[in-house]
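Each chain, letter by letter, is given below.
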Amino acid sequence: PQVAPAILRGDGQGPPMVNADLDMAQVWASGTDHDQTFIQNLALFFSCFFRQHLQIAERTAQADPTLLQAALSLLVSISHVDDQETFKICLEYWNGLTSDLYHTECQFQPPPQSPLVLAPAALSPAASPRLQLYAPILTKLRQLMVSRMAKPEEVLIVEDENGEIVRETMKDSDAITLYKTMRETLVYLTHLNYDDTENIMLDKLQYQVDGSQWSWHNLNTLCWAIGSISGAMSEEDEKRFLVTVIKDLLGLCEMKRGKDNKAVVASNIMYVVGQYPRFLRAHWKFLKTVVNKLFEFMHELHPGVQDMACDTFLKISQKCRRKFVILQVGEAMPFIDELTLNLRSVISDLEPGQVHVFYEAVGYMVAAQSDAPTRDALLMKLMEWPNQMWVDILAQAKQTNGENLKSPDVMKRLQTIVRTNERVAVALGHPYTVQLGHIYVDLLNVYKAYSELINSTIAAAAANTHVMHTSGVRAMRAVKKETLRLLDTFIEKSEDADLVLTKFVPPMLDPVLGDYVRSIPAARDPEVLSLFCCLINKLQSAMTAEVPRVFEAVFKSTLDMITKNFEDFPEHRSNLFNLLRAINHHCFPALLQGADNFTLIIESIKWAFKHTERTVAETGLHTLLELLQNVQASTVMNAFYVQYYLGLLQDVFAVLTDTLHKPGFKLQAMILAHLFVAVESGAITSPLWPQDGSVAATSNGQYVRELLLQMFTTSFPNLTAAQLQSTIAGMFERCKDQSAFKQHLRDFLVQVKEFGDSTDLFAEERQQELETKAKEVRTRQEQIPGLLNPHQRNDDMTMD
């Protein structure tokens, strides 16, 4: 490789193409299109060259390192140009180089702490000539990464094109991908020399504090970089580093004037503290200071600040929850007691959505209290204000005979109260039962009252469905939907199936199921279907006795809504088939109780797997496969197959050979294999052919083969009888070997020329490959301290 020296030193007959000391960012900014294209090509050349020939370059550098260092310095300089594509070219190379240096040069020592606490690998850079060779380049690279760090997903406050600080309205997926690569690169750089990384960051922070390099951009990139190396240093180093960082940032917040300046500093404080839960867990004073600062920010009306304060509070509560419920040294009471006393003043300026996040965060704290009576008392304190509002509204409803429930303000408050309960239920889990017990009967009464109000409003409008879109009816439905979501969450989180079955299920059947039947189609809530799906998945066979009633209420009425076309009521579609799958899976005996219903179920499953919506079709196929497995183990197997075998076989082959249903190939193949095995193994003892003498067959195997030949001859005239007979014989021969059977079906589909592109037929294998790669990446990330975001780590959230 003589090209790189020629670029940097010349070829002996003329000057070099590029001066290694050039400020490429300046050249780019003032250069022509031709200059910019040349610089981008130079980045491509050097990154490709070093990727392929780095070992040779390193061997050459043993005698004289100046050329290699000059070339890499030039690539660092190019990395500073204000062009995203050029930067990405360079970044990809830097990511590969730092990863290689980390894996080859860092000497691992087992961390002395618990394996749950991520500690960095010990390394001895002085002992590595290779690291010494790259040291000056890596320092420049650290400065580059810190000065150009991309915006993390958690940061909600951005500078718009007018130079104003605003709340981010849409996630930039390119920026998030860029951030992940830069973050990984900076973590490797931190491991390669922690002291250098710390010094660069603290120097840059000092420039922000003294104002010499103050700008929103500089502070943002610095704090994003500081947050991105969480976990990449030892606990002692992290403590020393963060004490300085947090103190300086809090001081900067007090020092800066102007709403925009304060909003920028606030967002950076919130991002940094949110990234270091391990530090906060170990230092109560800092944790308390940070949380109180978040409470201050919750009163800051600048767009995005309150959202970010609530999000950061939620993250810290999840990771440090135990710290808030125990009595800390020097405190008069546990923090959560203090918080519940001042709760209303803390959330006084928050919007309803932010209040919900706040309550969820405090719910995680309450959940950390291991003493049940104390936890229940805390829960009641937390819910005191929503419960008081709830009682006041119900008392007023009693006085006004329900008239106040029509008020838009009351409906909005009810939505907020029920949603607040739902978020606390998410955080608290099973212990939330205490709170639900207080409001459950009234909750169902409110649900019933709004059902009647909606129905009377529709009746008064002469069943005109346009009335469904009026603000009043929409608000009433919103209260009902929030109620259903709350019940769904409670059931999902409950750990006492008997309690749910005996105390909570009976009172809800009439208000919820009865209302669903009585309502016009447009007024039926799809959440009813998902609620009973959740109930059956949770209580399993214990719900078998209630299934006929559930089935009677929702099945036929919903089928009538969705079978008119493939488009209307999409949520009802997917929820109904999920419910049917749950019933089949857990309460199969209940499906056999009515012959008419059973035929309707089979027809609805066929309708589902023929659906053009992929998720619905997939649920239909899953349900059919599980139904066949249940039938196989039941006493009704022969009767079932006599009535439905041939129809199912024909319909599954119809979707198998339909290009719109390619994604379902794996399940289609499993169902067909099951049907073939049932015949081939002799499990079906009753004859499948008509017994009126019109068909002369001696066995089910012979009859099904002849029927398939007849069906394929009609459908695929391009294939000869010999080809078809061979294909059908192959299906029967391979039906007990799933992978061989699938391959045979793939060959058949290619043969009939139904699939121009057969890649979807290998979707299962591709998916397995992707999952394997994802697991490998995750394993690799877990082995390198700091590579996983602290909120993705499976560390002990309640540890002291």
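Scroll up to find the structure.
Residues numbered from 1 in each chain as written. Predicted model: local features only at pLDDT ≥ 70, side-chain atom pairs only at ≥ 80, totals over all residues. Heavy atoms only, no water.

**Describing the overall build of the protein chain**
Where we set the bar: Numbering of helices and strands runs from the N terminus; a helix is a DSSP stretch of H or I covering at least four residues, while a strand is a stretch of E covering at least two. For the exposure calls, accessible area comes from a 1.4 Å probe over protein chains only, and a residue counts as buried if that area is under 20% of its type's maximum, exposed if over 50%, partly exposed in between. In what follows, residue pairs with any heavy atoms lying within 4.5 Å of each other are defined as contacts.
Helix and strand content of the protein chain: 34 helices and two strands. The buried share of the protein chain, taken over its 800 residues, is 51%. Sequence separation of at least 24 residues holds for 73% of the intrachain contacts in the protein chain that already meet a minimum separation of 6.

**Structural notes on the environment of Thr98**
On the secondary structure map, Thr98 appears in helix 5 (residues 84–105). Taking the C-alpha atoms as reference points, Thr98 and Leu192, separated by 94 residues in sequence, lie 8.3 Å from one another. Contacts of Thr98, omitting those with residues within four sequence positions, involve Leu141, Thr185, Tyr188, Leu189 and Leu192.

**Topic: the packing of aromatic side chains**
Here is the rule we go by: The rule is short: rings of Phe, Tyr and Trp, with Trp giving its six-membered ring, pair when the centres are within 6.5 Å, and they are stacked under 30 degrees, edge-to-face over 60, tilted in between. Only Lys NZ and Arg CZ are tested; either one counts as a charge over a ring when it is within 6 Å of the ring centre and within 35 degrees of the ring normal.
The full count for this structure, using the stated rule, is 31 aromatic pairs. Aromatic pair Phe295 and Phe358: ring centres 6.0 Å apart, planes at 50 degrees, arrangement tilted. With Phe295 in helix 13 (residues 284–297) and Phe358 in helix 16 (residues 352–367), this residue pair connects regions lying 63 residues apart in the sequence. For Phe358, a relative accessible area of 0% corresponds to the buried category. Within the aromatic cluster, the residues linked to one another by ring pairs are Phe653, Phe676, Phe712, Phe716, Phe732, Phe741 and Phe748. The side chain of Lys256 reaches across the aromatic face of Trp214, ending 4.1 Å from its centre. Over the ring of Tyr447 we find Lys480, and its NZ or CZ is 5.1 Å from the ring centre.

**Looking at the environment of Ala523**
Its location among the elements puts Ala523 in the loop between helix 22 (497–518) and helix 23 (526–539). In sequence terms Ala523 and Asn455 are 68 residues apart; their C-alpha atoms lie 8.4 Å from each other. Look past the residues within four positions of Ala523 in its chain and what remains in contact with it is Ile454, Ile458, Met468 and Arg477.

**Structural notes on the packing of helix 13 against helix 15 (residues 335–346)**
In helix packing, the relevant descriptors are the interaxial angle and the interaxial distance, both defined with respect to the helix axes. Stated formally: Axis definition: a line fitted to C-alpha atoms, over the contacting stretch in the case of helices. Angles run 0 to 180 degrees between N-to-C directions. Angular relationships are summarised with four words: roughly parallel below 35 degrees, roughly antiparallel beyond 145, roughly perpendicular across 65 to 115, and oblique for the angles in between. By definition, turning the near helix anticlockwise from the far helix through less than a right angle yields a left-handed crossing, and turning it clockwise yields a right-handed one. Note that Gly is not counted as nonpolar here; it falls among the polar residues with everything else outside the nonpolar set of Ala, Val, Leu, Ile, Met, Phe, Trp, Tyr, Cys and Pro and the charged set of Asp, Glu, Lys and Arg.
Here helix 13 crosses helix 15 at 10 degrees, and the two axes come no closer than 12 Å. Taken together, helix 13 and helix 15 sit at an angle that is classed as roughly parallel. Crossing angle aside, the handedness with which helix 13 passes helix 15 is right-handed. Residues Trp284, Lys288, Val291, Asn292 and Phe295 of helix 13 touch helix 15, and the partners they reach there are Phe335, Glu338, Leu339 and Val346. Residue classes in the contact of helix 13 with helix 15 are distributed as six nonpolar, one polar and two charged.

**Some remarks on helix 6 (residues 129–148)**
Stated formally: Working rule for helices: expected span equals 1.5 Å times residues minus one.
Across its 20 residues, helix 6 extends 29 Å between first and last C-alpha, which sits within 8% of the 28 Å expected from 1.5 Å per residue. Restricting attention to buried positions, one finds in helix 6 the residues Arg130, Leu131, Leu133, Tyr134, Ile137, Leu138, Leu141, Arg142, Leu144, Met145, Val146 and Arg148. Summarising the contacts, the buried residues of helix 6 are in contact with helix 3 (33–61), helix 4 (66–79), helix 5, helix 7 (173–192), helix 8 (194–209) and helix 9 (216–228).

**Quick word on the packing of helix 3 against helix 5**
Axis separation between helix 3 and helix 5 bottoms out at 9 Å; the angle between their running directions is 15 degrees. Judged by the angle between their axes, helix 3 and helix 5 are roughly parallel. Classified by chirality, the crossing of helix 5 by helix 3 is left-handed. Only Glu85, Thr86, Ile89, Cys90, Glu92, Tyr93 and Leu97 of helix 5 make contact with helix 3, whose side of the interface consists of Gln40, Ala43, Leu44, Ser47, Phe50, Arg51 and Leu54. Grouping the amino acids of the contact of helix 3 with helix 5 by side-chain chemistry returns eight nonpolar, three polar and three charged.

**What to know about unusual backbone geometry**
Despite not being glycine, Gln540 has its phi angle at roughly 55 degrees, a positive value. Under the relative-accessibility criterion, Gln540 is labelled partly exposed at 39%.

**Concerning the nonpolar core**
Cut-off, in case you're wondering: Put simply, buried Ala, Val, Leu, Ile, Met, Phe, Trp, Tyr and Cys residues joined by side-chain atoms within 4.5 Å make one nonpolar core.
Counting 257 residues, the largest nonpolar core has Trp94, Phe313, Phe358 and Phe532 as its most contacted members. Leave out the neighbours within four places in its chain, and Trp94 touches Leu72, Leu75, Val76, Ser79, Ile137, Leu141, Leu144 and Thr185.

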